[in-house]
Amino acid sequence: MAVLETPDGRYIVVRGRLWRRQRPDLDPVRRDRLVHDLMDARRAVRAAKGADDADALARARAAVDAAKHELGERGPVWWTDGAPDLNRRMAANTPYADWYAGLPEDAGAISNHRPGRR
């Protein structure tokens, strides 16, 4: 599955929405560890929900948040040019709108859906 990323590499686009990418400067071993921790935390969220355990759910969600901060997907932006964080915004409503509108329909296997297109 291809992932559509913005020309500057700051975001991926999923169903028309921008999602901040992981920090590109992370050491690959550290990144792999953090991704593993994130997946473990997400599994813990699912288990806590299934067990209806509010305390475990809070701990698991905190672990997800911590991993995402370390990966650079949340918290302060990892780029240094002062550009704003557009995380979770629709690409069509951002400075990426012209770039996004100019993409072919089949650009990006998981992210080619555009509002209003079928």
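This one's a predicted model, so the numbers in the text were calculated from it and none came from an experiment. (Residues numbered from 1 in each chain as written. Predicted model: local features only at pLDDT ≥ 70, side-chain atom pairs only at ≥ 80, totals over all residues. Heavy atoms only, no water.)

(A) Quick peek at the pairing of strand β2 (residues 11-14). As paired strands, strand β1 (residues 4-5) and β2 are joined by two bridges and run antiparallel to one another. By the bridge assignment for β2, Glu5 is matched with Ile12. Between the end of β1 and the start of β2, which pair antiparallel, lie five residues, with Gly9 showing a positive phi angle near 75 degrees. In the sheet, β2 pairs with strand β3 (residues 17-20) via four bridges, with the strands oriented antiparallel. Along β3, the bridge assignment pairs Tyr11 with Arg20. In textbook terms, the turn of a hairpin is the stretch between consecutive antiparallel strands, and for β2 and β3 this stretch comprises two residues, one of which, Arg15, has a positive phi near 50 degrees. (Pairing = 2+ DSSP bridges. Helix = DSSP H or I, 4+ residues; strand = E, 2+ residues; numbered from the N terminus.)

(B) Spatial organisation of helix α1 (residues 28-51). Compared with an ideal rise of 1.5 Å per residue, which puts 24 residues at 34 Å, α1 spans 34 Å between its outermost C-alpha atoms and is within 8% of the ideal. Where α1 is concerned, the buried positions are Leu34, Leu38, Ala41, Val45 and Ala48. At its buried positions, α1 is contacted by α2 (54-71). The opening residue of α1 is Asp27, an N-cap whose side-chain oxygen sits 3.1 Å from the backbone nitrogen of Val29. Immediately downstream of α1, the backbone of Asp52 shows phi near 55 degrees, a positive value. (Expected span 1.5 Å × (residues − 1). Buried < 20%, exposed > 50% of the residue type's maximum accessible area, 1.4 Å probe, protein only. Contact = heavy atoms within 4.5 Å. Polar contact = N/O pair within 3.5 Å; in protein donor to acceptor, adjacent residues only side chain to side chain.)

(C) Geometry of α2. The terminal C-alpha atoms of α2, which comprises 18 residues, lie 26 Å apart, in line with the 26 Å expected from a rise of 1.5 Å per residue. Contacts made by the buried residues of α2 are with α1. Its side-chain oxygen placed 3.2 Å from the backbone nitrogen of Asp55, Asp53 serves as the N-cap of α2. Among the residues trailing α2, Gly72 stands out with phi positive, at a value near 90 degrees.

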